[in-house]
Structures are given as C-alpha cells and as structure tokens.
Amino acid sequence: VSTEEAAPVLAALRRALDALGHDHGPAHSELIVDRGEPTLVELNARFHNADVRPLVNRCVPGSPNAIALAAAACAPDDGEWAAAPRDPVLREAGALVHLICGRAGVVDGVDAAARRTLEELPTLVEMEIYGGFAPGAEVAATSDIKSDLGWVLLAGAEDEVQRDYEEVLRVQPELVRFRDG
C-alpha cells in the first residue's frame, strides 16, 4: 500500500483513536478498505498476539523507542511517549503475516524444506511455527487467530517485503505434512 493509498485509512484510524481518547500506546486496529473507503472493524488498546517488538525496532526510528518498549510489555512513562512522534514515519516497510493451516488432520511434521524457505527469506526478521503442530497432534483448519499455524515478521524495502510476502503465501500450504498424505 502506498503512502497515498494509506492516508485516508490512517486518517480514519486517527479519528477513531481521538474519539476514544487514546493519546498514546498500542492500538490493534482492523479496517476493511472497499473502493478506497475505510470501515473500522476492530480497535483495541493492545498489540497483536505476536511479538511485534523486533518488527517495530526495524521499521520505526527512535531510541529509546516508546513503541518498541510498549511492544515488549514494558510500560513507557509519559516522557517516553511524549518523545515518540504522533504519526511515526517508517524507515522500512514491514509485515506481520499469520500462517494458516489449510486443512484438518493428524500432523506428521513440519516440512523442513518449506520451513527453510521461510527462514532464508531476505526480509525475514523472526518467525514462529506453534508447538501445537508437532507430530501426532490433531489440528483443525485455521478458522481464526487462535487456530493459526504461526507467524512471520518481514521488514525491508517495500518491493522486497512484497516479494517475500508472496513467497510466504506460496510456501504456506506446504508447511504442515499430514499422516494421511
């Protein structure tokens, strides 16, 4: 998403945060953009369920970084928040990608080649495949955030992050091997 395309989405999000009196701190937000018009779906004063601190450290300049402190669950004080820009400018593009499991079944294992492909992505910051996908585990197809397979953090030049995001999507169906083939 270009800065131009993101502007109305960020403006809508800022209006919602201001209306709630949310001056600083984490804000998990979900918006649907249809024909350029954002619609707010969810807004919570929290980070997402993945450890986004490494992504924030890579993408948002500043030291000490109040945003990264909040992501690490260290409560920044008012002075640290005051030093953080209201609308930080990214020094790199970043993405948090949730991995999905496309089907239910008994896990045979995580495919080593598929995992290695993710681990070797040039923009990879960190990744995790959840322990619930160990051999012998019976898993359901991903239906919500509580049933996903794990996550990948990507950071770098926008075109490189996009390329690696597409590679994550390509490899994702190959990550879990099932006993029944």
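Refer to the structure presented above.
Numbers given for residues are sequential positions, taken from 1 along each chain in its written order. Per-residue local features are limited, in this predicted model, to residues with pLDDT of at least 70; the limit for side-chain atom pairs, both in listing and counting, is 80 or more; totals at the level of whole chains, interfaces and linings are taken over all residues. The side-chain values count all of the structure's non-hydrogen atoms but skip hydrogen atoms and water molecules.

A. Focus on the overall build of the protein chain. Across its full length, the protein chain carries six helices and eight strands. Here a strand is any run of E in DSSP of at least two residues, a helix any run of H or I of at least four, and the numbering for each starts at the N terminus. Reading the protein chain from its N terminus to its C terminus gives the helix and strand order α-β-β-α-α-α-β-β-α-β-β-β-α-β. Only protein chains enter the accessibility calculation, which uses a 1.4 Å probe; a residue is then buried when its area is under 20% of its type maximum, exposed when over 50%, and partly exposed in between. Across the 181 residues that make up the protein chain, the buried fraction comes to 33%. Throughout, a contact is declared for two residues whenever any of their heavy atoms are within 4.5 Å. By sequence separation, contacts in the protein chain at least 24 residues apart represent 69% of the contacts at least 6 residues apart. All accessibility values rest on the Shrake-Rupley procedure with a 1.4 Å probe; residue burial counts only the protein chains present in the view. If you sum the accessible surface of the protein chain, you get close to 10600 Å²; carbon and sulfur atoms cover 52% of it.

B. Representation of the pattern of salt bridges within the structure. Definition used for salt bridges: Asp or Glu carboxyl oxygen within 4 Å of a side-chain nitrogen of Lys or Arg. Applying the stated rule across the entire model yields eight salt bridges. One salt bridge connects Asp164 with Arg163, and the closest N-O pair in it is separated by 2.9 Å. Relative accessible area serves as the criterion here: at 40%, Arg163 is assigned to the partly exposed category. Salt bridges sharing partners connect three or more residues here, namely Glu167, Arg170 and Glu174.

C. Representation of the packing of aromatic side chains in the model. Only rings of Phe, Tyr and Trp enter the pairing, Trp through its six-membered ring, and a pair is recorded when the two centres are within 6.5 Å. The plane angle decides the type: under 30 degrees is stacked, over 60 is edge-to-face, the rest tilted. Tallying each qualifying case throughout the model produces zero aromatic pairs. Counted as over-ring charges are cases with an Arg CZ or a Lys NZ within 6 Å of the ring centre that also lie within 35 degrees of the ring normal. Directly above the aromatic system of Phe178 lies the positively charged group of Arg103, at a separation of 4.1 Å from the ring centroid.

D. Region of interest: helix H6 (residues 158-171). Helices are assigned an expected span. That span is 1.5 Å times one less than the residue count. With 14 residues, H6 extends 20 Å from end C-alpha to end C-alpha; this agrees with the ideal 20 Å at 1.5 Å per step. Here H6 has its buried residues at Val161, Asp164, Val168 and Val171. Buried residues in H6, looked at end-on, bunch into an arc of 90 degrees, giving them a common side. Considering only its buried residues, H6 is in contact with strand E3 (93-99), helix H5 (112-119) and strand E7 (150-156). Each C-beta atom gives one direction from the helix axis, and the arc is the one those directions make.

E. Focus on the nonpolar core. To qualify as a nonpolar core, a set must consist of buried Ala, Val, Leu, Ile, Met, Phe, Trp, Tyr and Cys residues joined through side-chain atoms within 4.5 Å. Within the largest apolar cluster, 22 residues are counted, with the highest numbers of intra-cluster contacts made by Leu99, Leu118, Val152, Leu154 and Val168. Among the elements of the structure, E3, H5, strand E5 (124-129), E7, H6 and strand E8 (176-178) are those that each provide at least two residues to this core. Core analysis: the second largest hydrophobic core is formed by nine residues, Ala50, Val52, Leu55 and Val60 among them.

F. Just a negative patch on the surface, in detail. A cluster of acidic side chains, namely Glu4, Glu5, Glu158, Asp159 and Glu160, defines a negative patch on the protein surface. At the level of elements, helix H1 (3-19) and H6 are the ones that each hand at least two residues to the negative patch. A total of three residues in the negative patch trace back to one element, the largest contributor, which is H6. By relative accessible area, Asp159 is classed as exposed at 58%. Like-charged residues are merged into a patch within 9 Å and nonpolar side chains (Val, Leu, Ile, Met, Phe, Trp, Tyr) within 5 Å, provided each residue has over 30% relative accessible area and no salt bridge. For the charge count, each Lys or Arg is scored as positive and each Asp or Glu as negative, with His and the chain ends excluded. In this description, the location of a charge corresponds to atom NZ of lysine, CZ of arginine, CG of aspartate or CD of glutamate.

G. Expanded view of the environment of Gly156. Along the chain, the position of Gly156 falls in strand E7. Exposure remark for Gly156: the relative accessible area of 7% places this residue in the buried category. Spatially, the C-alpha atoms of Gly156 and Pro122 are 8.5 Å apart, while their sequence positions differ by 34 residues. Discounting residues that sit within four places of it in the chain, Gly156 has contacts with Arg58, Glu92, Ala93 and Val161.

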